[in-house]
Amino acid sequence: MAEFLQTDIKFLPGVGPKRAELLKQELNITTFEDLLYHFPYKYIDRTRFYKIREIHSQLPYIQIRGKISSVEIAGAKYKKRLVAQFTDDTGMIELVWFRGTSWIRETLKRDREYVVFGKPNLHGRQINLVHPEMEESEKFEKQLSGGFQAMYSTTEKLKNNYLSSRTLQKLITTLYQSQKPKIPETLPDRLVRKLNFSSLEKALYTVHFPAGTKELEKARARLKFEELFFIQLNILKQKVHRETHFQGFVFPKVGDYLNGFYRERLPFVLTDAQKKVVREIRRDLGSGRQMNRLLQGDVGCGKTLVALMSMLIALDNGFQAALMAPTEILANQHYATLKIMLGDMPVKYGLLTGSTKKAEREDIHAGLLDGNLQILVGTHALIEETVQFSNLGLVVIDEQHRFGVAQRARLWQKNIQPPHVLVMTATPIPRTLAMTLYGDLDISVIDELPPGRKPVKTLHFTDSKRLRVHGFMKKQIAEGGQIYIVYPLIKESEKMDYKDLEDGYFSIRQAFPSPDYAVSIVHGKLKTEEKNFEMKRFIQKKTHIMVATTVIEVGVDIPNASVMIIESAERFGLLQLHQLRGRVGRGAEQSYCILMSSHKLSDDARLRLETMVRTNDGFEIAEADLKLRGPGDLEGTQQSGIPFQLKIASLSKDTQILQYARKIAIEMLEEDPLLDEPDNAVLLKQLKKLSRGPFDWSVIS
Ligand code: ADP
Ligand code: MG
């Protein structure tokens, strides 16, 4: 029966090779099973009927009953459309078709009562229904059970090829009619009984053809659980594997490096949160287990210091440490910070980036190999094949969302015994997402900013207020502040974005002419030296304004910059806006973030900007971000680093199910760490199957 499910979709009656190709391209459906797992994204209650008088354009799908009073073909040759006037006892509405006009015209009968189903659409001042579904009332009454109609996501391209939600539903019906598919259970019987779930077979059927709400909810709960459960099981199983196969280096002591630094060099008192995290890390490093810890803390909370102190513990125990940053700018900045922080301490550290010269590079390689070099700061260059350490004990990865996890994995191969890993991120991750993405890592949180910081004030202006904003900028500059102006840069429309940036730079130059004002510009197309040069001038306060693309997004620490102006703010994602805002508010001065946008905003964009104005709390913003994203927002999910798309569960809504799934997965692995008991064979089988699917597990580990 398993083979039946694996049958190529093209063999399903009504599909064929051409549609099969489309289904594959657009929805990744290649087998019968894929089709079964293409779940409805919503259900429409088809027990509710509207009267034509009640219809307005804001309504979602509606259903009406009535008769056709006239049918005509309107428009010229290429814009031909079929228009039918449809009436009930309260009024008339137009039904419109652009495709298949003559065929549809044939089928429409004047004397019958129809049930019409579609989405109200505002055309000029009139409301019409475009390409509605029509069914003769008589047939309609007979057909539906329970009154819920499943709606399936499709794409424009599919719709143009007559693969609508309705067609998909028909295909699934065909699948069930051709041979009642017997679906093998994927969870151990014990578990199904314990959780009072329906069988997988029943759940799958119900989710496509629900007879009632209660039954539907039960089926969906099972499918959601299952989806989240296998993710957890996979991550946690890998963790178990790591813990049983690798030992961690033991760093039992704290010695002169850390103590010396703490006593003599530490320029301020650690916040309580920093202290707590350093303690957690020390405990890990001394435990004999390999540390895999994620350190989350909002921008500016002082993660670098925690990284440095952790590295000093490695040194105290005779090990080397590495600090990796996602960009050269950041690596340089970390190197400069070490210089200041360590001062005259006898620590040997080096910087390795793409622009390190050959001779210097060779020196560094030699120093790493003979153990002379103790700390290496760098970019990706640091994990190249040629870089060999003599005894790397700890790796700190800063702002990891820019670091592919595959790169993280390469680090491990550097040593037979993998180093301790500390991943730091300022992108706040909601708990559910963290559990899913980093479910195998232990998590530390710094939830407090160093004392004396004033929260950044955030304001939103439309373009018409630009002069006022310029006035404000001049005042800030007069008081010694520096200003960032950021333009969006989104790959697909690169050309246009550069034009925005250049126009923006030009108008800023006009409003802020030299010699009174110095303005620099930094973007991704500049050479590294040019970028560094401009950054340096800004850091040295030689320029007042830095016009930039999002190259400055992550981690840059320039305390004197007190104003962040974000142009076309509506085009940025929430998390990105939050990251950008984090570039200011690092000094003692009151800082400002000004969001510029056009007057016209989509509802989502407005919500994003309002959220930014309302709160500085990164976690609140991350939650809002997760909620704002629909489940189908692939681009958005990639941006936030989610490497897969969930089919039915939602990380923002199904928190409880997720927690429960994790709990059950932990319990199972405690009882049977290798899952080799007969009862659990189905689990192993399913994990294996999923690892071959579109779901890229390797990215998560
Ligand atoms: P992030 O967590 O965003 O990487 P940084 O490590 O860059 O933040 O720290 C931001 C700023 O706060 C730096 O200038 C740093 O020197 C300062 N800082 C860090 N810890 C403290 C502290 N405990 N007290 C005062 N200032 C601190
Ligand atoms: Mg940082």
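Keep in mind the model is a prediction, meaning the values are calculated, not measured.

Visitor: Talk me through the site of ligand 1; I want residue IDs and the actual numbers.
Guide: Near ligand 1 lie 16 residues; those nearest to it are Gln-274, Gly-300, Lys-303, Thr-304 and Arg-453. For ligand 1, a nitrogen atom lies 2.8 Å from a polar atom in the side chain of Gln-274. Compared with its free state, where it exposes 570 Å², ligand 1 has 84% of that area covered by protein. Of all the elements, helix H13 (residues 303-316) adds the most residues to the shell around ligand 1, at three residues. Class assignment of the residues belonging to the shell around ligand 1 gives a composition of seven nonpolar, five polar and four charged.

Visitor: Can you tell me about the domain arrangement of the protein, naming the residues and giving the values?
Guide: Parsing the protein into structural domains produces domain 1 (47-144), domain 2 (256-285 + 301-425) and domain 3 (457-615). Distance between the C-alpha centres of domain 1 and domain 2: 67 Å.

Visitor: Give a description of a negative patch on the surface that names residues and reports values.
Guide: Taken together, the side chains of Glu-670, Glu-671, Asp-676 and Glu-677 make up a negatively charged region of the molecular surface. Mapped onto the secondary structure, Glu-677 falls in the loop between helix H25 (655-671) and helix H26 (681-692). The class for Glu-677 is partly exposed, based on a relative accessible area of 38%.

Visitor: Kindly report on the packing of helix H12 (residues 272-286) against H13, identifying the contributing residues and their values.
Guide: Packing of H12 against H13 leaves a shortest axis separation of 10 Å and a crossing angle of 30°. Taken together, H12 and H13 sit at an angle that is classed as roughly parallel. Relative to H13, H12 is oriented so that their crossing is right-handed. Each of Gln-274, Val-277, Val-278, Ile-281, Arg-282 and Leu-285 in H12 lies in contact with H13, whose residues at this interface are Leu-305, Val-306, Met-309, Ser-310 and Ile-313. Each residue belonging to the contact of H12 with H13 can be placed in one class, and the counts come to eight nonpolar, two polar and one charged.

Visitor: Would you mind going over the pattern of salt bridges in detail, with residue names and values included?
Guide: Applying the stated criterion across every chain, the model contains 24 salt bridges. In this structure, Arg-293 and Asp-284 form a salt bridge, with 2.7 Å as the shortest nitrogen-oxygen distance. Relative accessible area serves as the criterion here: at 8%, Asp-284 is assigned to the buried category. Residue Glu-620 pairs with Arg-614 through a salt bridge whose shortest N-O separation is 3.1 Å. A relative accessible area of 34% means that Glu-620 is categorised as partly exposed.

Visitor: So what's going on with the pairing of strand E12 (residues 349-352)? Which residues, and what values?
Guide: Of the two faces of E12, the one lined by Tyr-349 and Leu-351 and the one lined by Gly-350 and Leu-352 are each fully buried. The pairing of E12 with strand E13 (residues 375-378) spans four bridges and is classified as parallel. Following the sheet pairing, Leu-351 is matched in E13 by Val-377. One crossover worth recording links E12 to the parallel E13 by way of helix H15 (residues 358-369), and it is right-handed.

Visitor: Hey, could you go over the pairing of strand E6 (residues 120-123) for me, with residue numbers and the actual values?
Guide: Inspection of the sheet shows E6 paired to strand E7 (residues 126-130) by four bridges, in the antiparallel sense. Bridge assignment links Asn-121 to a residue of E7, and that residue is Asn-128. The antiparallel pairing of E6 with E7 creates a hairpin that spans two residues between the two strands, and Gly-124 there sits at a positive phi of about 65°.

Visitor: Got a sec to walk through the sheet that holds strand E5 (residues 114-118)? Specific residues and values, please.
Guide: Adjacent strands of a sheet form backbone hydrogen bonds with each other and so pair up, either parallel or antiparallel. In spatial order, the strands read E6-E7-E4-E3-E2-E5-E8; together these seven strands make up an open sheet with mixed pairing. The sheet is open, and its two edges are formed by E6 and strand E8 (133-136), each paired on a single side. Adjacent strand axes in the sheet meet at a mean angle of 45° when their direction is disregarded. As paired elements, strand E2 (residues 62-74) and strand E3 (residues 81-88) share seven bridges and run antiparallel to each other. Within the sheet, the bridge partner assigned to Val-71 lies in E3 and is Ala-84.

Visitor: Account for the packing of aromatic side chains, naming residues and giving values.
Guide: What the rule picks out here adds up to 16 aromatic pairs. Relative to Phe-319, the ring of Phe-249 lies with its centre 4.8 Å away and its plane at 45°, an arrangement referred to as tilted. Note that Phe-249 is positioned in the loop between helix H10 (213-245) and helix H11 (256-265) and Phe-319 in the loop between H13 and strand E11 (320-324), a separation of 70 residues in sequence. Neither residue differs from the other here; Phe-249 and Phe-319 are each classed as buried.

Visitor: Tell me about the sheet that holds E12, and please be specific about residues and values.
Guide: One open sheet holds the seven strands; their spatial order is E12-E13-E11-E14-E15-E10-E16, and the pairing between them is parallel. Either end of the sheet is taken by a strand with one partner, and the two such strands are E12 and strand E16 (442-446). Recorded for the sheet is a direction-independent mean angle of 20° between the axes of neighbouring strands. Bridge count for E11 against E13 is four bridges, and the pairing is parallel.

Visitor: Any details on the nonpolar core? Residues and values, ideally.
Guide: Counting residues in hydrophobic clusters, the biggest one holds 51 residues, and the most contacted among them are Leu-187, Phe-225, Phe-229, Leu-233 and Leu-376. It is H10 that contributes the most residues to this core, eight residues altogether. When near neighbours in sequence (up to four residues on either side) are disregarded, Phe-229 contacts Leu-187, Leu-191, Ala-661, Ile-664, Ala-665, Met-668 and Leu-683. Within the second largest apolar cluster, 45 residues are counted, among which are Met-345, Leu-351, Val-396 and Leu-422.

Visitor: Lay out the environment of Ala-321 with the relevant residues and their values.
Guide: Here Ala-321 shows up in strand E11. Overall, Ala-321 belongs to the buried group, its relative accessible area being 0%. On a C-alpha basis, the gap between Ala-321 and Pro-451 in space is 29 Å, while along the polypeptide they are 130 residues apart. When residues no more than four places from it in sequence are discounted, the contact partners of Ala-321 are Met-311, Ala-314, Leu-315, Gln-374, Ile-375, Leu-376, Leu-392 and Leu-394.

Visitor: For the state of the cysteines, give the residues involved together with the corresponding values.
Guide: Inspection of every chain in the model, using the stated rule, returns zero disulfides. Not part of a disulfide, Cys-301 finds its nearest cysteine sulfur in Cys-593, a span of 18 Å. Classification of Cys-301 by relative accessible area gives buried; the value is 1%.

Visitor: Requested: an account of the packing of H13 against helix H14 (residues 328-342), with residues and values cited.
Guide: For the pair H13 and H14, the least separation of the axes is 11 Å and the interaxial angle reads 65°. Taken together, the axes of H13 and H14 lie roughly perpendicular to each other. Considering the relative orientation of H13 and H14, their crossing is right-handed. Packed against H13, whose contacting residues are Thr-304, Leu-305, Leu-308 and Leu-312, the element H14 presents His-334, Thr-337, Leu-338, Met-341 and Leu-342 at the interface. Grouping the constituent residues of the contact of H13 with H14 by class yields six nonpolar, three polar and no charged.

How each quantity is defined
Per chain, residue numbering runs from 1 following the sequence as it is written. Naming scheme: in the order in which they are written, chains are lettered from A and ligands are numbered from 1. Per-residue local features are limited, in this predicted model, to residues with pLDDT of at least 70; the limit for side-chain atom pairs, both in listing and counting, is 80 or more; totals at the level of whole chains, interfaces and linings are taken over all residues. Side-chain numbers come from the whole structure's heavy atoms, not from hydrogens or water. Any residue with a heavy atom lying within 4 Å of a molecule or strand is counted as near it. What qualifies as a polar contact is a pair of N or O atoms within 3.5 Å, subject to a donor-acceptor requirement within protein and to the restriction that residues adjacent in sequence count only when both atoms come from side chains. In this description, accessible areas are obtained by the Shrake-Rupley approach with a 1.4 Å probe, and a residue is regarded as covered only by the protein chains that are shown. Only DSSP runs of H or I reaching four residues or more are called helices, and only runs of E reaching two or more are called strands; each is numbered from the N terminus. Lys, Arg, Asp and Glu make up the charged group, whereas Ala, Val, Leu, Ile, Met, Phe, Trp, Tyr, Cys and Pro make up the nonpolar group; the residues left over, Gly among them, are polar. Domain start and stop positions are those given by an automatic or database domain assignment. Like-charged residues are merged into a patch within 9 Å and nonpolar side chains (Val, Leu, Ile, Met, Phe, Trp, Tyr) within 5 Å, provided each residue has over 30% relative accessible area and no salt bridge. A side-chain nitrogen of Lys or Arg and a carboxyl oxygen of Asp or Glu constitute a salt bridge if their distance falls within 4 Å. None of His or the chain ends enter the tally, which takes Lys and Arg as positive and Asp and Glu as negative. Where a charge lies is defined by one atom per residue type: Lys uses NZ, Arg uses CZ, Asp uses CG and Glu uses CD. Relative accessibility thresholds used throughout: buried, under 20% of the residue-type maximum; exposed, over 50%; partly exposed, between the two (1.4 Å probe, protein chains only). Simply put, an axis is a line fit to the C-alpha atoms, just over the touching stretch for a helix, and the angle between two N-to-C directions goes from 0 to 180 degrees. Angle categories: roughly parallel below 35 degrees, roughly antiparallel above 145, roughly perpendicular from 65 to 115, and oblique for all the rest. Crossings are assigned a handedness: left-handed for a near helix turned anticlockwise from the far helix by less than a right angle, right-handed for a clockwise turn. Pairs of residues are marked as contacts when any of their non-hydrogen atoms sit within 4.5 Å. For two strands to be treated as a pair, DSSP must find no fewer than two bridges joining them. By the criterion used throughout, a crossover qualifies as right-handed when its path from the first strand across the helix to the second strand runs clockwise, the strands pointing away from the viewer. Stacked, tilted and edge-to-face are the three classes assigned to paired rings of Phe, Tyr and Trp, where Trp is represented by its six-membered ring and a pair needs centres within 6.5 Å; plane angles under 30 degrees give stacked, over 60 edge-to-face, the rest tilted. Note on terminology: a nonpolar core comprises buried Ala, Val, Leu, Ile, Met, Phe, Trp, Tyr and Cys residues joined through side-chain atoms within 4.5 Å. Only a pair of cysteine sulfur atoms within 2.5 Å counts as a disulfide in this structure description.

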